Amino acid sequence: MPSPAEPPAARSRLGTLLSGRLGFLSVAAGLGVYGLAAYVFLGVAGQALGPAAFAPLSVLWTLLNAVGIGLFLPFEQELGRTTASLRALGRGNDGVVRLVGRVAAVLLGAVALVCLVAWPLLTRRLFHGDATLVPLLVGALLGMAVAYVARGLLAGNGRYGSYGAQFVVDGLLRMAGAGALALAGVREVWAFGLVLVVAPLLAVLGTTPRRAGLVDAGEPPDAGAVRRAVAVLVVASLASQLLANAGPLVVQLRATPEQEVLSGQFLAALTIARVPVFMFSAVQAVLLPGLAAMVGLRDVAGYRRRLGLVTAATAAIGVGGTAAVWAWGEVLVPLLFGDGFGVSRTVVTLLALSGALFMLAQLAAQALLALAGERAVVVGWVAGAVALVVAAVLPGELTMVAVVALVVGSAVSLLVLTGALVLALRAWSADVGRSVSPR
C-alpha cells in the first residue's frame, strides 16, 4: 500500500532544513579553502622573498586585515541583516543597498584620500621605502569593500552557495597567483601585493549571480538608523581587528633600520600562533547564531546552556592551541616560511595566548550583541585597543613589547566584555522573571 503524500508543510520544513545544512556546508568549505589559502600565500611569499623583502608585504597584509576588515565587514553584517529582515517581511531592499553602497563608497574614498595624501609618510614609515605598495593598499581595500558588500547581499538573500564559492575562488586565486610568481622566479614585492588586489575582485565577478533577485524594489530605509548601526559596527570592528592584527604594525613603527626584518618575522609567528583562532570561527558559525533565537524566545535557561557550551569549546581550543604552539610553534615557523623566520618559543607561545584571550573576548562580544548590548561591545573593544596602544609604547625588547601589548589588550577587552555580559544577563533574566511571575 503506497504511503500517503507528504504534507506540504512537512516538505517545506524539510527543504528549509536541508537548505540550511547545505548553506552551512558551503560557507564552511569556503572558509576552509580561504583559510588554507592565507597560509599558502604567506608561506610561498615568505619563501620566495626572504625576511627583508617579506617585511613590507607583511605590513600590507596586516593593514588589510586590521583596517580593511575593520572598515568593511560591518557593511556585510548590516546589509545581510537588513536584507534578511526585509525578505522575511516580503519587502524589497533596493533602498538599503543604495544607502549602504553610498556609505561604503564614501568611507573608501576618504581612506583612499588619506593614503594618497600620506603616500610619502606611509612609504617611509611602513613600507620600507617601496612606494608601489600604497596604491596597491588602496586597490586591495577597494576589492575588500566590493567583496563584503556582495557577501552581505548573498547572505541576506540566502545565497550561501555563492557566498561560499566567493571564498573558494578568492582563496584559489591567491594560492595560484603566489605559486605562479614563485615558480617564475619573481622577487618583486609589488607583484605579490597585486594578487591581493585582483583576487577578491575576480572572485566577486565570477561568483555573484547576474539574475534578478538580490536587489528588489522597496520602500526607502531609515537612513539615520542604518548609518548609526554601521557607525557602531565600524568602531567595534576596527578596535577588535586592531587587537587581532596590530603586532606587526607595532614592530614596524618602532623598528630601527637594522631591525627591518622583524615585522615579517613577527607576522610569520603570528600566522602560526593564530591557527586556533581560525578553528574558533567554525565553532562561532555553528553555535553562536542560536543565542539570538534564545533571546527572541526569552529562553534564559537555553541561552545559558548554549553560552556555557560555546565557552567550554572556546576555552578548550584556546588552551589546546596554546599548548600545541608551545610544543611545535618554534619549529613550524621556519618550516613554513624559511630559515630566516625563526622566533623564540616564548614569543610564539605568548602570541597563541593572546589569540586564546581574543577568542574568549569575541565570544563575550557576540553574546552581548544577542542581548542588544552594542554600546558595551564598543566600550569593551575600545578599552582593549587603548590598553594595547599604552603597552606598545613602553620600553623593552621590541618583539616582546609587541607580543605583551597583544596579550594586555586582549585581556582588558575580555575583562570588560565579560563584566558587561554578566550584568546584561542578570538584567535580562530578571526582566524575563518579572514577566512570567504571577501578578
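Source: prediction; values computed, not measured.

Chemist: Before we go on, may I ask you to explain the nonpolar core in this structure?
Modeler: A general tendency of soluble globular proteins is for nonpolar side chains to be buried together. Counting residues in each nonpolar core, the largest one holds 124 residues, and the members touching the most others are Phe127, Tyr303 and Trp381. Tallying contributions element by element places helix H1 (residues 8-88) first for this core, with 19 residues. Excluding anything up to four places from it in sequence, Trp381 contacts Ala236, Ala239, Ser240, Leu243, Phe358, Ala361, Gln362, Ala365, Ser413 and Leu417. By size, the runner-up hydrophobic cluster in this structure holds 5 residues, among which are Val27, Leu154, Tyr163 and Phe167.

Chemist: Honestly, the side chain of Arg274 in this entry has me stumped. Any pointers?
Modeler: Examined against the element boundaries, Arg274 turns out to sit in the loop between helix H9 (262-273) and helix H10 (275-287). For the buried residue Arg274, which engages in no salt bridge, the nearest side chain bearing the opposite charge is Glu397, 16 Å off. In terms of polar contacts, Arg274 uses its side chain to reach the backbone carbonyl oxygen of Ala244, at 2.8 Å. Dropping the residues within four chain positions of it, Arg274 is found in contact with Tyr39, Leu243, Ala244, Leu351, Ser354, Gly355 and Leu406.

Chemist: For this particular structure, what's the right way to read unusual backbone geometry?
Modeler: Even without being a glycine, His128 presents a positive backbone phi close to 55°. Relative to the elements of secondary structure, His128 occurs in the loop between helix H3 (119-125) and helix H4 (133-156). Classification of His128 as partly exposed rests on a relative accessible area of 26%.

Chemist: How should I be thinking about H4 in this particular structure?
Modeler: Three- or four-residue spacings in an α-helix give side chains the same orientation, since the helix completes a turn every 3.6 residues. Here H4 is 24 residues long and its end C-alpha atoms lie 34 Å apart, about the 34 Å a rise of 1.5 Å per residue gives. Taking burial as the measure, the 24 residues of H4 include 20 buried ones, the bulk of the element. Of the residues flanking the end of H4, it is Gly158, one or two places downstream, whose phi is positive at about 70°.

Chemist: What is the right way to read the packing of aromatic side chains from this model?
Modeler: Here a ring pair, both rings aromatic, is described through the centre-centre distance and the interplanar angle of the planes. Per the stated rule, a full pass over the model turns up 7 aromatic pairs. A ring pair is formed by Tyr34 and Phe167, whose centres lie 5.2 Å apart and whose planes are at 70°; its orientation type is edge-to-face. With a gap of 133 residues between them, Tyr34 in helix H1 and Phe167 in helix H5 (residues 160-183) connect regions that are remote in the sequence. Relative to Phe75, the ring of Phe72 has its centre 6.1 Å away and its plane inclined at 35°; by these criteria the two rings are tilted. Pair noted here: Phe72 and Phe75 are both in helix H1, with a separation of 3 residues, about one helical turn. Just as Phe72 is buried, Phe75 falls in that class too. By way of ring pairs, the aromatic residues Tyr34, Tyr163 and Phe167 are connected into one cluster. If you follow Arg345 out to its NZ or CZ, it ends over the ring of Trp326, 4.6 Å from the centre.

Analysis parameters
For every chain, the first residue of the written sequence is number 1, and numbering continues from 1 along that sequence. For this predicted model, a pLDDT threshold of at least 70 governs which residues receive local features, and a threshold of 80 or more governs which side-chain atom pairs are given and counted, while totals over whole chains, interfaces and linings are taken from all residues. Only heavy atoms go into the side-chain values, all of them from the structure, while hydrogens and water stay out. For our purposes a nonpolar core is just a set of buried Ala, Val, Leu, Ile, Met, Phe, Trp, Tyr and Cys residues, chained together by side-chain atoms within 4.5 Å. Here's how the labels work: a residue is buried when its accessible area is under 20% of the maximum for its type, exposed when over 50%, partly exposed in between, all with a 1.4 Å probe on protein chains only. Only DSSP runs of H or I covering at least 4 residues are called helices, and only runs of E covering at least 2 are called strands; the numbering of each starts at the N terminus. By definition, residues are in contact when any of their heavy atoms lie within 4.5 Å. Under the counting rule used here, the positive set is Lys and Arg, the negative set is Asp and Glu, and His together with the chain ends is not counted. The salt bridge criterion pairs a side-chain nitrogen of Lys or Arg with a carboxyl oxygen of Asp or Glu, the two atoms within 4 Å. Polar contact is the term for a pair of N or O atoms within 3.5 Å; when the atoms are in protein, one must be able to donate a hydrogen and the other to accept it, and sequence-neighboring residues count only if both atoms are side-chain atoms. To estimate how far a helix should extend, the number of its residues minus one is multiplied by 1.5 Å. Between 30 and 60 degrees the pair is tilted, below 30 it is stacked and above 60 it is edge-to-face, where a pair is any two Phe, Tyr or Trp rings, Trp via its six-membered ring, whose centres lie within 6.5 Å. Both a distance and an angle decide whether a charge sits over a ring: NZ of Lys or CZ of Arg must be within 6 Å of the ring centre and within 35 degrees of the ring normal.

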